[in-house]
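# Summary of structural features
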Amino acid sequence: MSARRVLVVCALLVLLVAGCDRPGTGNDEAGPGGGRSAPVEPAWREATLPVPPGPAGRLVLRDAVSCAGVWFLVGGVVDAAGGSRPAAWSSADGATWVPVPVAASTFYGRQHVLYAAACAGDRVAALGAKNGGVHGNPRTGTWVRDGAGPLREVPAAFELFGGPRAVSVARLAAGAGGWLIAGARADGAAVWTSPDAGGFTLAEGLPELAGDARGRTAAYDAVALPAGWLVVGSLLPAGGSALRPMAWTSVDGRSFRRAELPVQDGRGRAERGVLRDGVPVVVGAVSDGFAVWWAEDGVRWRRVGGFGATGPGVLSVVGLTVVGGALVAVTGDGAGRAAWVSTDGGVSWRSVRVPLTVVDGGDTDLTVAGGDDRLLLLADDGRGSHAWWGRV
């Protein structure tokens, strides 16, 4: 073989090796900080949010949703003494935001910070909470807005979301089957359902969803499917010390089918889920970073990729959305929050440069929402909240 041919063959081998995917983590773009690839840098444009009428304070932004071309953002206003009140904004174009009137009906409702939202058509619902009482536990409630009216608190019995069996009220989803909240009670994962978000019914102790002799469960997020629901969370096996990632599907929010998501050592949590092109996609923390799973037929799950992470604390996925076919995730590693983007369904990932450094924990937050092919980034560094638009 001529020397020239040897050089050509060697060059081809180098290119092939450089382009190979690493098993289980996608390609080199998926490494910490984006691997060899430069971070994605959206041309961020900051949005201006007016302070709602009422006592002065700093804005705290916690979640956003988009339905029927209208954006809806929720959070609160916090004063210097730590007092809080609920707040919400809407926008038809993303450029001009207006405060949404808020109608609280209870002592704690008037102090809520709204932390999760979902919408269906022109109807919007939100979860709000304020720590209080003898033990300082969250006093949680729901809110609903129909059309152009105010966002109003929904009266509910204390033990619907609180009481001695309360553990968590995590996320809210809306779809053709109504509305569903995912969370946990004393015996494990639980859900609350409603046909219109005007009042929820608790379903706890359900077979397969709740804990049993196999271990204790918890639910962290919910996704509306074309026919039913997807709930994601974890299982702590009886006698075990490490969580396992779990997913549950249901047609009616009452009967659930359980699936343990595949991971090499069995350790991890399924923390956020979305629908991408009609396929359920779940992202969660595992022992080697973050994993991505697809439900190929709604029942069988396959790990398709992921990305590594380093940090001094517990890894977590705190945000996930779809925008223009791309997946955008927000993670925490005990030190700071970071954003990541995948354009191939979660197989490979690149880091996203965000305009504000946000530490992990405390009263800080970093989350994302997608709609109209635009990405909305919400960031709170503990001193102030900001909202930025970008495209990926």
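Only a predicted model underlies this, so the values are computations on that prediction, with no experimental measurement involved.

About the cut-offs
Throughout this description, residue numbers start from 1 for each chain and increase along the sequence as written. Where local features are concerned, this predicted model is filtered to residues with pLDDT of at least 70; where side-chain atom pairs are given and counted, the filter is 80 or more; whole-chain, interface and lining totals use all residues. Excluded from the side-chain calculations are hydrogens and water; all other atoms, namely the structure's heavy atoms, are used. Only DSSP runs of H or I with at least four residues qualify as helices, and only runs of E with at least two residues qualify as strands; both kinds are numbered from the N terminus onward. Burial classification: accessible surface area is computed with a 1.4 Å probe over protein chains only, and a residue below 20% of its type maximum counts as buried, one above 50% as exposed, and the rest as partly exposed. Contacts are assigned to residue pairs with any non-hydrogen atoms lying within 4.5 Å of each other. In these tables, accessible area is a Shrake-Rupley quantity obtained with a 1.4 Å probe, and a residue counts as shielded only by the protein chains included in the view. By the convention used here, strands pair only if DSSP detects at least 2 bridges between them. The axes are straight lines fitted to the C-alpha atoms, using for helices just the contacting stretch, and the angles between their N-to-C directions are given from 0 to 180°. Throughout this description, the term salt bridge denotes a Lys or Arg side-chain nitrogen within 4 Å of a carboxyl oxygen of Asp or Glu. In summary, the pairing rule links any two rings of Phe, Tyr or Trp, Trp by its six-membered ring, whose centres are within 6.5 Å, and it sorts them by plane angle into stacked for under 30 degrees, edge-to-face for over 60 and tilted for everything else. The definition used for a disulfide is geometric: two cysteine sulfur atoms within 2.5 Å. Two N or O atoms count as a polar contact when they lie within 3.5 Å, although within protein this holds only if one can serve as hydrogen donor and the other as acceptor, and sequence-adjacent residues are included solely when both atoms are side-chain atoms. Charge counting follows a simple rule: Lys and Arg are positive, Asp and Glu are negative, and His as well as the terminal groups are ignored.

### Focus: the overall build of the chain
The number of helices and strands found in the chain is two helices and 29 strands. Relative to its full complement of 392 residues, the chain shows a buried share of 53%. A fraction of 48% describes how many contacts in the chain between residues 6 or more apart in sequence connect residues 24 or more apart. Entry remark: accessible area of the chain is about 16900 Å², with carbon and sulfur atoms responsible for 55%.

### Overview of the sheet that holds strand β17 (residues 244-250)
Read from one edge to the other, the open sheet built from four strands follows the order β15-β16-β17-β18, with strand pairing classed as antiparallel. Bordering the open sheet on either side are β15 (215-225) and β18 (256-260), each of which pairs with just one other strand. Geometrically, the sheet is characterised by an average inter-axis angle of 25 degrees between neighbouring strands, direction not taken into account.

### A look at the pattern of salt bridges
Per the stated rule, a full pass over the model turns up 20 salt bridges. Between E260 and R244 there is a salt bridge whose closest N-O contact spans 3.9 Å. Of this pair, E260 sits in strand β18 while R244 sits in strand β17, and the two are 16 residues apart along the sequence. Judged by relative accessible area, E260 falls into the partly exposed class, the value being 40%. Within this structure, R165, R185, D187 and E204 form a network of salt bridges that share partners.

### A few points about unusual backbone geometry
One non-glycine residue with positive phi stands out, namely A68, at about 55 degrees. Structurally, A68 can be placed in the loop between β2 (58-67) and β3 (70-78). Even without being glycine, D277 reaches a positive phi, approximately 55 degrees. Of note, D277 is situated in the loop between β19 (272-276) and β20 (279-286). By relative accessible area, D277 is classed as exposed at 67%.

### A closer look at the pairing of β19
Burial runs high along β19: four of the five residues are buried. Linkage of β19 to β20, two consecutive antiparallel strands, is achieved through a turn of two residues, within which D277 is found at a positive phi near 55 degrees.

### Description of the packing of aromatic side chains
Per the stated rule, a full pass over the model turns up seven aromatic pairs. Judged by centre distance (6.4 Å) and plane angle (25 degrees), the rings of W97 and W389 are stacked. Within this pair, whereas W97 is found in the loop between β4 (84-91) and β5 (98-99), its partner W389 is found in strand β29 (residues 385-390), the two being separated by 292 residues in sequence. Per residue, the accessibility class of W97 equals that of W389, and both read buried. Measuring from centroid to centroid gives 5.0 Å for F107 and Y108, while their planes differ by 80 degrees, and the two rings are edge-to-face.

### Things to note about the state of the cysteines
Applying the stated criterion to the full structure yields one disulfide. In this model, C67 is linked to C119 through a disulfide, with the two sulfur atoms separated by 2.0 Å. Torsion about the S-S bond of the C67 and C119 cystine: about 90 degrees, corresponding to right-handed handedness. Placement of the pair is C67 in strand β2 and C119 in strand β7 (residues 113-120), with a sequence separation of 52 residues. For the pair formed by C67 and C119, the shared burial category is buried.

### Here we look at the side chain of S342
For S342, the location among the structural elements is in strand β25 (residues 337-342). We classify S342 as buried; its relative accessible area is 0%. There is a polar contact of 2.8 Å between the side chain of S342 and the side chain of D344. Setting aside anything within four residues of it in sequence, one finds S342 in contact with A326, L327, V347, S348 and W349.

### Topic: the sheet that holds β29
Strand pairs in the sheet, formed through backbone hydrogen bonds, run parallel or antiparallel to each other. Reading across from one edge, β1-β29-β28-β27 is the order of the four strands in this open sheet, with antiparallel pairing throughout. Among the strands making up the open sheet, the edge pair consists of β1 (45-47) and β27 (365-371). Averaged over all neighbouring strand pairs, the angle between strand axes comes to 25 degrees, with direction disregarded. Relative to β29, strand β28 (residues 374-380) is paired through six bridges, and the arrangement is antiparallel.

### Description of the pairing of β7
Among the eight residues that make up β7, six are buried, leaving the element largely enclosed by the rest of the structure. Pairing geometry for β7 and strand β8 (residues 123-132), over seven bridges, is antiparallel. Bridged to A117 within β8 is A126.

### Considering the side chain of E153
For E153, the position within the fold is in strand β10 (residues 151-154). R110 provides the closest opposite charge to the buried, unpaired E153, separated from it by 6.3 Å. Polar contacts involving the side chain of E153 include one to the main-chain amide nitrogen of S105, which spans 2.7 Å. Apart from residues no more than four positions distant in its own chain, E153 is found in contact with A103, A104, S105, T106, G109, T142 and W143.

### Remarks on the environment of V392
If you trace the backbone, V392 turns up in the segment after β29. In contact with V392, not counting residues within four places along its chain, are P42, V323, A326, V328, V341 and L375.

### What to know about the environment of L73
Tracing the chain through its elements places L73 in strand β3. Given a relative accessible area of 0%, L73 falls into the buried group. The sequence separation of L73 and P99 amounts to 26 residues, and the corresponding C-alpha distance is 9.4 Å. Beyond its immediate stretch of four places on either side in the chain, L73 contacts L49, L61, D63, A64, A87, A88, W89, W97, L376 and L378.

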